[in-house]
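Results of the structural survey
This is what each chain is made of:
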Amino acid sequence: ARDWGLRDPRWHGIVERQRRVCGADVRVLEALDPGAGEPHLFVHGLGSASPTWLEVLPAFARLGPVAAFDLPGHGETIPSRGAPATVDGFVAVAAALIGALGWGRCVVHGHSVGAAVALRLAAEHPELVSQVVFAAPALPVKLRPAILPGRTSLATTGVLLLPFVGPLLLQRYVKLNSDGVMSDLDSLNAGFANIRGLPSATLQSFVYEARGLVHRPWRRDGLISATRSLFFELLGPAGLRRVQ
């Protein structure tokens, strides 16, 4: 287990492990010495990874066990037949991981598509979830009418839905920017109000994860698969609309 405290003392006690779940080796960030309270599971957003939660994991670890994991097709988790890069696959992995950790019911925190996973998990496995916490959730408009996706966001992610065209455009973008944008903090600024206001160790972890899109082709496939799956969840007749 690798202690992330070696990168920044504020993360001391948060370790990285590989857990075999649903036929995939899932990267999980856990606390070495958690408190005795209720467990908390953290699910990151589309195109992100478990280190997204590093700033909050130590504080929650003082309350009880914590775990943040890489969704299939993201971070260091390579998808498998039992753990595809889809919302269904994400929910299956989350449920299996809770069991592998030996937890009972837990609080599930979800950002973006992670919120969709948290909601589905609570609806389909109520015995595993005591509460859900949403951060910038990707949910159907009926469930969150006050928060509508911007046109730029829809155009950017929507292009990945196009057969043949989406994968080619993403591959072209990655090739053109592999030595520039992917290593530039400004390229990540769209996801933050003020990214340069974050600690340097946090920024470095985000840049490292962004570069993974360049060096790990399966992550590009995972991003496209997950984006398509999320759109069908949000706009299709089934998916998240079943739990309204």
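Our subject is the structure that appears above.
Our subject in this report is the structure included herewith. (Residues numbered from 1 in each chain as written. Predicted model: local features only at pLDDT ≥ 70, side-chain atom pairs only at ≥ 80, totals over all residues. Heavy atoms only, no water.)

1. Some details on the nonpolar core
Grouped burial of nonpolar side chains is what soluble globular proteins tend to show. Worth spelling out the cut-off: Take the buried residues of types Ala, Val, Leu, Ile, Met, Phe, Trp, Tyr and Cys, join any two whose side-chain atoms come within 4.5 Å, and each joined set is a nonpolar core. Only protein chains enter the accessibility calculation, which uses a 1.4 Å probe; a residue is then buried when its area is under 20% of its type maximum, exposed when over 50%, and partly exposed in between. Helix and strand labels come from DSSP, where a helix needs a run of H or I of at least four residues and a strand needs a run of E of at least two; each type is numbered from the N terminus. Any two residues whose heavy atoms approach within 4.5 Å are treated as being in contact.
Within the largest apolar cluster, 34 residues are counted, with the highest numbers of intra-cluster contacts made by Leu41, Phe69, Val108 and Leu121. Residue assignment for this core shows that the elements contributing at least two residues are β3 (24-31), β4 (40-43), β5 (66-69), α2 (87-100), β6 (106-112), α3 (113-124) and α7 (217-235). With eight residues, the top contributor of residues to this core is α2. Once residues within four sequence positions are removed from consideration, Val108 is found in contact with Leu41, Val43, Ala118, Leu121, Val129, Gln131, Val132 and Val133.

2. Focus: α2
In an α-helix there are 3.6 residues to a turn, and that puts residues three or four apart on one side. The criterion, for reference: For a helix, the expected span equals 1.5 Å multiplied by the number of residues minus one.
A rise of 1.5 Å per residue sets the reference length of α2, with its 14 residues, at 20 Å; its end C-alpha atoms lie 20 Å apart and thus fit the reference within 8%. For α2, the complete set of buried residues consists of Val87, Gly89, Phe90, Val91, Val93, Ala94, Ala95, Leu97 and Ile98. Following α2 by one or two positions, Gly102 has its phi on the positive side, about 75 degrees.

3. Description of the packing of aromatic side chains
Counted only if it meets this: The criterion for an aromatic pair is that two Phe, Tyr or Trp rings (for Trp, the six-membered ring) have centres within 6.5 Å, with stacked assigned to planes under 30 degrees apart, edge-to-face to planes over 60 apart and tilted to the rest. The criterion for a charge sitting over a ring is simple: Lys NZ or Arg CZ within 6 Å of the ring centre, and within 35 degrees of the ring normal.
Inspection of the entire model under this criterion finds three aromatic pairs. Within the aromatic cluster, the residues linked to one another by ring pairs are Phe42, Trp53 and Phe60. Stacked on the ring of Trp4, the Lys or Arg Arg7 has its end atom at 4.2 Å from the ring centre.

4. What about the sheet that holds β4?
Under the convention used in this document: At least two bridges found by DSSP between two strands are what make those strands a pair. Axis geometry follows a simple rule: fit a line to the C-alpha atoms, using only the stretch in contact for helices, then measure angles between N-to-C directions, giving values from 0 to 180 degrees.
Reading across from one edge, β1-β2-β3-β5-β4-β6-β7 is the order of the seven strands in this open sheet, with mixed pairing throughout. Sheet topology places β1 (2-3) and β7 (129-137) at the edges, where each strand pairs with a single neighbour. In the sheet, β4 pairs with β6 via four bridges, with the strands oriented parallel. Along β6, the bridge assignment pairs His40 with Val107. Where α2 meets the sheet, its contacts fall on β2 (14-21), β3, β4, β5 and β6, and the angle it forms with β2 comes to roughly 110 degrees.

5. Structural notes on the side chain of Glu16
Quick note on the threshold: Contacts described as polar in this section are N or O atom pairs within 3.5 Å, which, within protein, must combine one atom able to donate a hydrogen with one able to accept it, while residues neighboring in sequence count only if both atoms come from side chains.
With respect to the helices and strands, Glu16 occurs in strand β2. We classify Glu16 as buried; its relative accessible area is 14%. Here the side chain of Glu16 touches Trp4 through a polar contact of 3.1 Å, side chain to side chain.

6. Side note on unusual backbone geometry
The phi dihedral of Cys22 falls on the positive side, at around 55 degrees, and the residue is not glycine. The partly exposed category is assigned to Cys22, whose relative accessible area is 28%. You will see that Ala136, though not glycine, has its phi angle at about 45 degrees, which is positive. Here Ala136 shows up in strand β7.

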